Amino acid sequence: MTKTNLARTLREPAELVAEQLVSAEALPALERVAARYAVAITPALVELIDKSSPDDPIARQFVPTAAELEMQPGENADPIGDHPHSPVPGIVHRYPDRVLFKLVHVCAVYCRFCFRREMVGPGKENALSDGAYRAAIDYIRSHSEVWEVILTGGDPLMLSSRRMSEIMADLAGIDHVKIIRLHTRVPVADPARISDEMVAALKVQGATTWVALHANHARELTGPARAACARLIDAGIPMVSQSVLLRGVNDNLTALSDLMRAFVECRIKPYYLHHGDLAPGTAHLRTTLAEGQDLMRQLRGRVSGLCQPDYVIDIPGGAGKSPVGPNYVLPMQNTAPDAGDAASETRYRIVDYCGDSHLYPPET
């Protein structure tokens, strides 16, 4: 983010009052929220907020509310279980062939539903120390099964292009690392930061770079945001999306369809639609699994196959992601007259996107 935009980013509840994003009466409660969870809203996102709407989907993602002070059963500071899978600081090695590499603990903007909200922002460790960084690189180098390194945090693109270039070179210099994926909100939160220098820093010999963009509403994909993504894609860096299913933001067919179509229009392949994690103080933004499955069922068939993300949940405690979309295939009783008949086959009931059922194999 440029120094000018950093200076203009809203970080204090009093600034939110001054910008008419919240009422003065809400200030005492929001001061308590801000004392626990980081607040930052960049100018690019402030401009998108409809101040006349109490239910604006952009505001719901970034403007703090007193509801964040309410803890619900099951919520905890490490809802997806990063800590048990962290062999050295900065590394999460949950799956055999890939690791998360948490370089920084700062973001351009802080989401009100963040699953790492207890670990990021002012007052937290901003970045790995030089020693911790080297230990993390050594860990990756010593584990030949690691094919992919996912740069996350925080937002890795908060680092300078010079520093990103150094990190990319370090990772690409490890023979078994073939894919470097970055998870970021920067193209949406501060599009100008995706400069020619940053794009060049992400291009590296010896490994393929992918960028996963986090956005949750089609309005986030403004002209400047689309141009920032185009700079990456035109340079040969493929992009995928990740979104979170959020109550009052994208939990209806129109909003979700518009978002997925907007990604595809930007040449970004929809990848993950995350069910909301059990992060503290986020219950007001979570949907139920049944609601998410119903939305995915509606999306299928009504919107191009290019626009279909995987609906997934991170199992609390660290067991990893699991797809939780609707099931369209239901086994039926074996219909063969002779159980020993080689031609016998279980028959299934296949449900189409309209909810109608069809037998497979079909009856003859």
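Report follows, based on the coordinates. Owing to the predicted nature of the structure, the values given are computational and were not obtained by experimental measurement.

1. Here's the deal with the packing of aromatic side chains
Thinking step 1. Under the defined criterion, the tally for this structure stands at two aromatic pairs.
Thinking step 2. When the centroid spacing of 5.8 Å and the interplanar angle of 20° are considered together, the rings of F101 and Y133 count as stacked. With F101 in strand β2 (residues 98-102) and Y133 in helix α6 (residues 130-142), this residue pair connects regions lying 32 residues apart in the sequence. The same class applies to F101 and to Y133, which are both buried.
Thinking step 3. Between R98 and the ring centre of Y95, over which it is positioned, the NZ or CZ distance is 4.1 Å.
Thinking step 4. Positioned above the aromatic ring of Y37 is the side chain of R117, whose terminal nitrogen or guanidinium carbon lies 3.7 Å from the ring centre.

2. Topic: helix α3 (residues 27-36)
Thinking step 1. Within α3, burial applies to A29, L30 and V33. One side of α3 holds all its buried residues, which, seen down the axis, span an arc of 95°.
Thinking step 2. Of the surrounding elements, those touching the buried residues of α3 are α2 (13-18).

3. Section: the pattern of salt bridges
Thinking step 1. By the definition in use, this model includes 21 salt bridges.
Thinking step 2. Two residues, R36 and E118, come together in a salt bridge whose shortest N-O distance is 2.6 Å. Of the two residues, R36 sits in helix α3 while E118 sits in the loop between β2 and α6, which places them 82 residues apart along the sequence.
Thinking step 3. Among the residues examined, R36 registers a relative accessible area of 40% and is labelled partly exposed.
Thinking step 4. Put simply, R141 and D138 hold a salt bridge, and the shortest N to O gap is 3.0 Å. Placement of the pair is R141 and D138 together in helix α6, with a separation of three residues, close to one helical turn.
Thinking step 5. The class of D138 is partly exposed, set by a relative accessible area of 41%.
Thinking step 6. Within this structure, D82, R94, K102 and R116 form a network of salt bridges that share partners.

4. Structural notes on the nonpolar core
Thinking step 1. Among the nonpolar cores identified, the biggest contains 89 residues, and F101, I140, V149, L151, M164 and L171 are the most heavily contacted of them.
Thinking step 2. Broken down by element, the residue count for this core peaks at six residues, all from α6.
Thinking step 3. Those residues in contact with I140 that sit more than four places away from it in its chain are I91, V99, F101, V146, V149, L171, I174, H176 and V177.
Thinking step 4. Counting five residues, the second-largest nonpolar core is a separate cluster that includes A38, A40, C107 and V120.

5. A look at the side chain of T152
Thinking step 1. Among the secondary structure elements, T152 is positioned in strand β3 (residues 148-152).
Thinking step 2. Look at T152 and you get buried, because its relative accessible area is 7%.
Thinking step 3. Within the structure, the side chain of T152 is placed 3.4 Å from the side chain of R116, a separation counted as a polar contact.
Thinking step 4. Residues contacting T152, with those up to four places away along its chain left out, are L100, F101, K102, L103, V104, R116 and H183.

6. Focus: unusual backbone geometry
Thinking step 1. Cis rather than trans, the peptide bond between G153 and G154 has omega equal to 15°.
Thinking step 2. Along the chain, the position of G154 falls in the loop between β3 and α7 (161-172).
Thinking step 3. Residue Y360 is joined to P361 through a cis peptide bond whose omega torsion reads -5°.
Thinking step 4. Mapped onto the secondary structure, P361 falls in the segment after β12 (357-360).
Thinking step 5. Residue Q20 is not a glycine yet carries a positive backbone phi of 65°.
Thinking step 6. Accessibility expressed as a relative area gives 61% for Q20, which makes it exposed.

What counts as what
- Residues numbered from 1 in each chain as written.
- Predicted model: local features only at pLDDT ≥ 70, side-chain atom pairs only at ≥ 80, totals over all residues.
- Heavy atoms only, no water.
- Phe/Tyr/Trp six-rings, centres within 6.5 Å; stacked < 30°, edge-to-face > 60°.
- Helix = DSSP H or I, 4+ residues; strand = E, 2+ residues; numbered from the N terminus.
- Buried < 20%, exposed > 50% of the residue type's maximum accessible area, 1.4 Å probe, protein only.
- Lys NZ or Arg CZ within 6 Å of the ring centre and 35° of its normal.
- Arc of directions from axis to C-beta.
- Contact = heavy atoms within 4.5 Å.
- Salt bridge = Lys/Arg side-chain N within 4 Å of Asp/Glu carboxyl O.
- Core = buried A, V, L, I, M, F, W, Y, C linked by side-chain atoms within 4.5 Å.
- Polar contact = N/O pair within 3.5 Å; in protein donor to acceptor, adjacent residues only side chain to side chain.

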